Amino acid sequence: QVRLVESGGGVVQAGDSLNLSCVFSGQTFKNYAMAWFRQAPGKEREFVASINWRGDLTYYSDSAEGRSTISRDNARNTGHLQMNDLQPEDTAAYFCAADAWATAPYKQPTAFNHWGQGTQVTVSS
C-alpha cells in the first residue's frame, strides 16, 4: 500500500525559503509521477508543481514558476519542493500526491490516488 509522508513545513517570514520533503513507501517509487498541491482555509486544493517518474519533466503553477523547484530522488524514494521568496499568500497546507497512471502535466488533483497527510506552511508579513 502506498504511503506518503510530508515534512518541512513551518512558520517563516516573507522572503524566506522552505524545502518540503515527501517520503514514498509501499511500492516502486520510480513508477509514479508526483505532484505538490496546497489548500488554504476556505479554498479549493490547487496545483503547485509536478514531476514525471524519471524527473526530467516538471510543471509549475503560475504562482510557483520561478520561485519553486520540484525534484525527486528515486534511489531514496523521496520528492522535494524547494520554495523561495515565500509570501503570505503562500500560507496553506501543502500535500504531496503520487500516481502510477497520471498523465502529463499532472495538474489535476483527481489524477492522483495517493496523498500524504499534509504539512503546514505559514508565512508572516
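Residue indices follow the written sequence of each chain, beginning from 1 at its first position. It should be noted that, the model being predicted, local features are given only for residues of pLDDT at least 70 and side-chain atom pairs only at 80 or more, the latter also being counted only at that level, while totals for whole chains, interfaces and linings use all residues. Excluding hydrogens and water, the side-chain figures rest on all heavy atoms present in the structure.

For the rest of this paragraph, the subject is the sheet that holds strand β3 (residues 18-25). The strand order across the open sheet built from four strands is β1-β3-β8-β7, with neighbouring strands paired in antiparallel fashion. Strand pairing shows two members of the sheet lacking a second neighbour, β1 (3-7) and β7 (68-73), which therefore form its edges. The sheet shows a mean angle of 15° between the axes of neighbouring strands, taken without regard to direction. Where β3 meets strand β8 (residues 78-83), six bridges bridge the pair, whose relative direction is antiparallel. When the sheet's bridge partners are listed, C22 is paired in β8 with G79. Any two strands with at least two DSSP-identified bridges between them are counted as paired. Here a helix means four or more residues in a row that DSSP labels H or I, a strand means two or more in a row labelled E, and each is numbered from the N terminus. Angular values range over 0 to 180 degrees, each being the angle between N-to-C directions of two axes fitted as lines to C-alpha atoms, with helices fitted over their stretch in contact.

A side chain of one charge can pair with a side chain of the opposite charge if their charged atoms are brought near each other. Salt bridge criterion: a side-chain nitrogen from Lys or Arg within 4 Å of a carboxyl oxygen from Asp or Glu. Tallied over the full model, the rule gives five salt bridges. Of the charged contacts, one joins R38 and D90 as a salt bridge, the two residues approaching to 2.9 Å between their closest N and O atoms. Separated by 52 residues along the polypeptide, R38 in strand β4 (residues 33-39) and D90 in the loop between β8 and β9 (92-99) bring together distant segments of the chain. Classification of residues uses two cut-offs on accessible area relative to the type maximum, computed with a 1.4 Å probe and protein chains only: under 20% is buried, over 50% is exposed, and between them is partly exposed. Among the residues examined, R38 registers a relative accessible area of 10% and is labelled buried. With a shortest N-O distance of 3.2 Å, D73 and R76 are connected by a salt bridge.

Here the nonpolar core consists of buried residues drawn from Ala, Val, Leu, Ile, Met, Phe, Trp, Tyr and Cys, with membership extended through side-chain atoms lying within 4.5 Å. Of all hydrophobic cores here, the largest spans 27 residues; its most connected members are W36, I70, L81, M83 and Y94. Elements supplying a minimum of two residues to this core: β3, β4, β5 (46-51), β8, β9 and β11 (119-124). Discounting chain neighbours no more than four positions away, the residues touching I70 are M34, W36, A49, S50, I51, T58, Y60, H80 and L81. Core analysis: the next-biggest nonpolar cluster, separate from the first, contains eight residues, A35, F37, F47 and A102 among them. Throughout, a contact is declared for two residues whenever any of their heavy atoms are within 4.5 Å.

Before going further, it helps to examine the pairing of β4. Moving residue by residue along a regular strand, the side chains alternate between the two faces of the sheet. Burial analysis of β4 places six of its seven residues in the buried class, the great majority of the element. Sheet topology note: the β4/β9 ladder contains seven bridges and is antiparallel. Paired with A33 across the bridge in β9 is D99. Looking at chain direction, β4 and β5 are connected through five bridges and run antiparallel. Pairing of M34 across the sheet is with I51, part of β5. Linking two consecutive strands that pair antiparallel, namely β4 and β5, is a turn of six residues; a positive phi of about 80° is found at G42 within it.

Cysteine sulfur atoms are paired as a disulfide whenever they come within 2.5 Å of each other. Tallying each qualifying case throughout the model produces one disulfide. Sulfur-sulfur distance for the disulfide between C22 and C96 comes to 2.0 Å. Every disulfide takes its handedness from the sign of the S-S torsion; for C22 and C96 that torsion is 55°, giving right-handed. Of the two residues, C22 is situated in strand β3 and C96 in strand β9; the sequence distance between them amounts to 74 residues. Across the pair, C96 and C22 agree in class, each one buried.

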